[in-house]
Amino acid sequence: MIKQDHITITINGKRYKFSVGDGYGEVPPNETLADTLRNRLGLTGTKISCNEGACGCCTVIVDGKDAVASCMALTVEFDGREVLTVEGLEDPVKGLDPIQQAFIDEYAFQCGYCTPGIIMVAKALFINNEHPTPEQIQEALSGNYCRCISQYTVLRALNKLAGNEDAELANIVRANDEIENPIPVRQVLHLSPYANGSSSSHSID
Ligand code: FES
Ligand code: FES
(Lines give C-alpha, C1' and ligand atoms only; values in the text may rest on other atoms or scores of the structure.)
(Ligands and ions follow the chains in the order given, each with its own letter.)
Protein backbone atom coordinates (compact mmCIF):
# COMPACT_ATOMS: atom_id res chain seq x y z
CA MET A 1 0.00 0.00 0.00
CA ILE A 2 1.32 3.43 -0.98
CA LYS A 3 1.39 5.77 2.06
CA GLN A 4 1.03 9.46 1.21
CA ASP A 5 -0.71 12.44 2.84
CA HIS A 6 -0.92 14.44 -0.34
CA ILE A 7 -0.50 13.90 -4.03
CA THR A 8 -0.12 16.40 -6.85
CA ILE A 9 -1.25 15.54 -10.36
CA THR A 10 -1.16 17.75 -13.44
CA ILE A 11 -4.38 17.18 -15.34
CA ASN A 12 -4.92 18.88 -18.70
CA GLY A 13 -2.15 21.32 -17.81
CA LYS A 14 -3.51 22.29 -14.36
CA ARG A 15 -1.93 21.16 -11.11
CA TYR A 16 -4.27 19.56 -8.59
CA LYS A 17 -3.27 18.79 -5.01
CA PHE A 18 -5.31 16.12 -3.26
CA SER A 19 -5.33 15.04 0.38
CA VAL A 20 -5.17 11.28 0.67
CA GLY A 21 -7.26 9.52 3.28
CA ASP A 22 -10.73 8.38 4.21
CA GLY A 23 -11.94 11.72 5.53
CA TYR A 24 -14.49 13.98 3.88
CA GLY A 25 -13.16 15.39 0.61
CA GLU A 26 -10.05 13.24 0.69
CA VAL A 27 -9.01 10.79 -2.00
CA PRO A 28 -9.14 7.28 -0.56
CA PRO A 29 -6.11 5.14 -1.40
CA ASN A 30 -8.36 2.77 -3.35
CA GLU A 31 -10.03 5.40 -5.54
CA THR A 32 -9.50 4.92 -9.26
CA LEU A 33 -8.24 7.66 -11.51
CA ALA A 34 -11.45 7.37 -13.55
CA ASP A 35 -13.55 8.14 -10.46
CA THR A 36 -11.33 11.05 -9.46
CA LEU A 37 -11.55 12.56 -12.93
CA ARG A 38 -15.28 12.14 -13.22
CA ASN A 39 -16.59 12.57 -9.69
CA ARG A 40 -14.18 15.07 -8.18
CA LEU A 41 -13.17 17.16 -11.19
CA GLY A 42 -16.26 16.81 -13.39
CA LEU A 43 -14.19 15.55 -16.32
CA THR A 44 -16.93 13.23 -17.51
CA GLY A 45 -15.53 12.96 -21.01
CA THR A 46 -13.63 10.00 -19.58
CA LYS A 47 -16.27 7.27 -19.69
CA ILE A 48 -16.69 4.20 -17.53
CA SER A 49 -18.30 1.17 -19.12
CA CYS A 50 -16.86 -2.21 -18.09
CA ASN A 51 -14.89 -0.76 -15.13
CA GLU A 52 -12.49 -3.68 -15.36
CA GLY A 53 -9.98 -2.83 -18.05
CA ALA A 54 -11.68 -4.56 -20.95
CA CYS A 55 -13.37 -1.90 -23.12
CA GLY A 56 -11.03 1.10 -23.38
CA CYS A 57 -13.77 3.70 -22.74
CA CYS A 58 -11.87 5.22 -19.80
CA THR A 59 -8.53 5.69 -21.59
CA VAL A 60 -6.40 8.73 -20.75
CA ILE A 61 -2.85 9.63 -21.72
CA VAL A 62 -0.20 9.66 -19.01
CA ASP A 63 3.08 11.58 -19.18
CA GLY A 64 2.36 12.67 -22.73
CA LYS A 65 2.66 9.27 -24.37
CA ASP A 66 1.09 6.28 -22.62
CA ALA A 67 -2.55 5.25 -23.07
CA VAL A 68 -3.84 4.06 -19.69
CA ALA A 69 -7.18 2.54 -18.68
CA SER A 70 -8.07 4.91 -15.84
CA CYS A 71 -10.60 2.50 -14.32
CA MET A 72 -7.72 0.14 -13.52
CA ALA A 73 -5.34 2.72 -12.04
CA LEU A 74 -5.35 4.14 -8.52
CA THR A 75 -5.19 7.93 -8.31
CA VAL A 76 -2.47 7.78 -5.64
CA GLU A 77 -0.19 6.14 -8.17
CA PHE A 78 -0.15 9.33 -10.27
CA ASP A 79 1.61 11.63 -7.83
CA GLY A 80 3.89 13.95 -9.81
CA ARG A 81 2.62 12.75 -13.17
CA GLU A 82 0.73 14.34 -16.04
CA VAL A 83 -2.67 13.16 -17.19
CA LEU A 84 -4.41 14.22 -20.38
CA THR A 85 -8.13 13.61 -20.82
CA VAL A 86 -10.29 14.20 -23.87
CA GLU A 87 -11.25 17.61 -22.45
CA GLY A 88 -7.62 18.67 -22.70
CA LEU A 89 -7.14 17.75 -26.36
CA GLU A 90 -8.51 20.91 -27.92
CA ASP A 91 -5.90 23.62 -28.38
CA PRO A 92 -7.25 26.97 -27.11
CA VAL A 93 -5.69 28.73 -30.10
CA LYS A 94 -5.68 26.17 -32.92
CA GLY A 95 -8.98 24.54 -32.01
CA LEU A 96 -9.85 20.86 -32.13
CA ASP A 97 -7.14 18.25 -32.21
CA PRO A 98 -6.72 16.82 -35.75
CA ILE A 99 -8.00 13.47 -34.48
CA GLN A 100 -11.18 15.06 -33.13
CA GLN A 101 -11.64 16.88 -36.45
CA ALA A 102 -11.07 13.65 -38.41
CA PHE A 103 -13.77 11.91 -36.37
CA ILE A 104 -16.20 14.73 -37.13
CA ASP A 105 -15.30 14.79 -40.82
CA GLU A 106 -15.86 11.03 -41.16
CA TYR A 107 -18.78 10.73 -38.71
CA ALA A 108 -16.67 8.20 -36.84
CA PHE A 109 -19.14 7.59 -34.01
CA GLN A 110 -22.76 6.84 -33.37
CA CYS A 111 -23.89 7.13 -29.73
CA GLY A 112 -20.38 8.41 -28.95
CA TYR A 113 -19.95 6.64 -25.62
CA CYS A 114 -16.79 4.81 -26.67
CA THR A 115 -15.47 7.75 -28.68
CA PRO A 116 -13.38 9.60 -26.05
CA GLY A 117 -11.51 6.40 -25.21
CA ILE A 118 -10.88 5.61 -28.87
CA ILE A 119 -9.71 9.17 -29.53
CA MET A 120 -7.29 9.03 -26.60
CA VAL A 121 -5.84 5.69 -27.73
CA ALA A 122 -5.48 7.09 -31.24
CA LYS A 123 -3.85 10.23 -29.86
CA ALA A 124 -1.29 8.16 -27.96
CA LEU A 125 -0.59 6.22 -31.15
CA PHE A 126 -0.09 9.35 -33.25
CA ILE A 127 2.08 10.99 -30.57
CA ASN A 128 4.43 8.03 -30.79
CA ASN A 129 4.13 7.53 -34.56
CA GLU A 130 2.89 10.26 -36.93
CA HIS A 131 2.24 7.85 -39.79
CA PRO A 132 1.06 4.52 -38.37
CA THR A 133 0.27 1.74 -40.81
CA PRO A 134 -3.28 0.32 -41.04
CA GLU A 135 -2.07 -2.69 -39.07
CA GLN A 136 -0.61 -0.49 -36.33
CA ILE A 137 -3.88 1.43 -36.13
CA GLN A 138 -5.89 -1.78 -35.80
CA GLU A 139 -3.49 -3.14 -33.21
CA ALA A 140 -3.66 0.08 -31.16
CA LEU A 141 -7.46 -0.01 -31.17
CA SER A 142 -7.72 -3.71 -30.38
CA GLY A 143 -8.59 -2.99 -26.75
CA ASN A 144 -11.43 -0.58 -27.56
CA TYR A 145 -14.97 -1.82 -27.96
CA CYS A 146 -17.81 -0.07 -29.72
CA ARG A 147 -21.25 -1.59 -29.51
CA CYS A 148 -22.57 0.75 -32.21
CA ILE A 149 -20.19 -0.69 -34.81
CA SER A 150 -18.46 2.61 -35.59
CA GLN A 151 -15.19 0.76 -36.21
CA TYR A 152 -15.27 1.10 -40.02
CA THR A 153 -15.61 4.87 -39.92
CA VAL A 154 -13.05 5.10 -37.10
CA LEU A 155 -10.56 3.19 -39.26
CA ARG A 156 -11.36 5.42 -42.22
CA ALA A 157 -10.82 8.59 -40.18
CA LEU A 158 -7.54 7.43 -38.68
CA ASN A 159 -6.16 5.97 -41.88
CA LYS A 160 -6.91 9.21 -43.73
CA LEU A 161 -5.12 11.13 -41.01
CA ALA A 162 -2.15 8.78 -41.29
CA GLY A 163 -2.08 9.11 -45.09
CA ASN A 164 -3.16 5.50 -45.70
CA GLU A 165 -5.93 6.29 -48.17
CA ASP A 166 -5.69 3.09 -50.27
CA ALA A 167 -5.11 0.75 -47.37
CA GLU A 168 -8.03 2.26 -45.53
CA LEU A 169 -10.40 1.24 -48.33
CA ALA A 170 -8.91 -2.26 -48.39
CA ASN A 171 -9.58 -2.57 -44.68
CA ILE A 172 -13.22 -1.78 -45.06
CA VAL A 173 -13.71 -4.17 -47.96
CA ARG A 174 -11.92 -6.92 -46.05
CA ALA A 175 -14.00 -6.31 -42.96
CA ASN A 176 -17.23 -6.52 -44.92
CA ASP A 177 -16.11 -9.65 -46.74
CA GLU A 178 -15.57 -11.40 -43.43
CA ILE A 179 -19.22 -11.06 -42.47
CA GLU A 180 -20.38 -14.33 -44.01
CA ASN A 181 -23.33 -14.93 -41.73
CA PRO A 182 -24.65 -11.60 -40.54
CA ILE A 183 -27.06 -11.78 -37.64
CA PRO A 184 -30.54 -11.95 -39.21
CA VAL A 185 -32.92 -9.25 -38.14
CA ARG A 186 -36.19 -11.16 -38.02
CA GLN A 187 -38.37 -9.14 -35.79
CA VAL A 188 -38.57 -5.54 -34.73
CA LEU A 189 -40.56 -4.82 -31.60
CA HIS A 190 -42.14 -1.41 -31.44
CA LEU A 191 -42.64 -0.95 -27.71
CA SER A 192 -42.71 2.80 -27.74
CA PRO A 193 -46.08 4.48 -28.18
CA TYR A 194 -44.22 7.04 -30.27
CA ALA A 195 -43.41 4.38 -32.87
CA ASN A 196 -46.91 3.57 -34.11
CA GLY A 197 -49.35 4.31 -31.34
CA SER A 198 -49.31 0.88 -29.65
CA SER A 199 -47.07 -2.10 -28.92
CA SER A 200 -46.73 -4.28 -31.99
CA SER A 201 -44.20 -6.19 -34.03
CA HIS A 202 -43.42 -6.99 -37.63
CA SER A 203 -40.94 -9.22 -39.43
CA ILE A 204 -38.14 -8.28 -41.78
CA ASP A 205 -36.73 -10.82 -44.23
S1 FES B 1 -14.21 1.27 -18.27
FE2 FES B 1 -12.05 1.11 -18.14
S3 FES B 1 -11.54 -0.38 -19.62
FE4 FES B 1 -13.72 -0.37 -19.61
S1 FES C 1 -20.37 4.84 -30.92
FE2 FES C 1 -21.73 3.91 -29.47
S3 FES C 1 -20.47 2.57 -28.32
FE4 FES C 1 -19.20 3.30 -29.90
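Right, let's walk through the structure included here. Keep in mind that what you see is a predicted model, and the values were worked out from it rather than measured.

Where helix α2 (residues 98-105) meets helix α3 (residues 115-128), the closest approach of the two axes is 10 Å, and the angle between their N-to-C directions is 130°. The orientation of α2 relative to α3 falls into the category oblique. Crossing hand, α2 versus α3: right-handed. Residues Ile99, Gln100 and Phe103 of α2 lie in contact with α3, whose contacting residues are Thr115, Ile118, Ile119, Ala122, Lys123 and Phe126. Of the residues assigned to the contact of α2 with α3, the class counts are six nonpolar, two polar and one charged.

We now examine the pairing of strand β3 (residues 59-62). Across the two faces of β3 the burial is the same, with Thr59 and Ile61 and Val60 and Val62 all buried. Judged from the four bridges that link them, β3 and strand β4 (residues 66-69) form a sheet pairing that is antiparallel. The partner of Thr59 across the bridge, within β4, is Ala69. What sits between the antiparallel neighbours β3 and β4 is a turn of three residues, in which Asp63 has the positive phi angle 55°.

The next thing to look at is the packing of aromatic side chains. The final tally for this structure, using the stated rule, is one aromatic pair. Pairing Tyr16 with Phe18 gives two aromatic rings, centres 6.2 Å apart and planes at 15°, and the pair type is stacked. Classification of Tyr16 by relative accessible area gives partly exposed; the value is 23%. Here Phe18 falls in the buried class, since its relative accessible area comes to 8%.

Pairing within the open sheet is mixed, and its five strands lie in the order β2-β1-β5-β3-β4. Both edges of this open sheet fall to β2 (14-19) and β4, since each of them pairs with a single strand only. This sheet shows a mean twist of 35° between the axes of neighbouring strands, independent of strand direction. Summarising the sheet, strand β1 (residues 6-11) and β2 pair through six bridges and their orientation is antiparallel. The residue bridging Ile7 from the neighbouring strand is Phe18, located in β2.

Quick notes on the rules
- Residues numbered from 1 in each chain as written.
- Chains lettered and ligands numbered in written order.
- Predicted model: local features only at pLDDT ≥ 70, side-chain atom pairs only at ≥ 80, totals over all residues.
- Heavy atoms only, no water.
- Axes fitted to C-alpha atoms, helices over the stretch in contact; angles between N-to-C directions.
- Helix = DSSP H or I, 4+ residues; strand = E, 2+ residues; numbered from the N terminus.
- Parallel < 35°, antiparallel > 145°, perpendicular 65-115°, else oblique.
- Left-handed = near helix turned anticlockwise from the far one by under 90°.
- Contact = heavy atoms within 4.5 Å.
- Nonpolar A, V, L, I, M, F, W, Y, C, P; charged D, E, K, R; others polar.
- Buried < 20%, exposed > 50% of the residue type's maximum accessible area, 1.4 Å probe, protein only.
- Pairing = 2+ DSSP bridges.
- Phe/Tyr/Trp six-rings, centres within 6.5 Å; stacked < 30°, edge-to-face > 60°.

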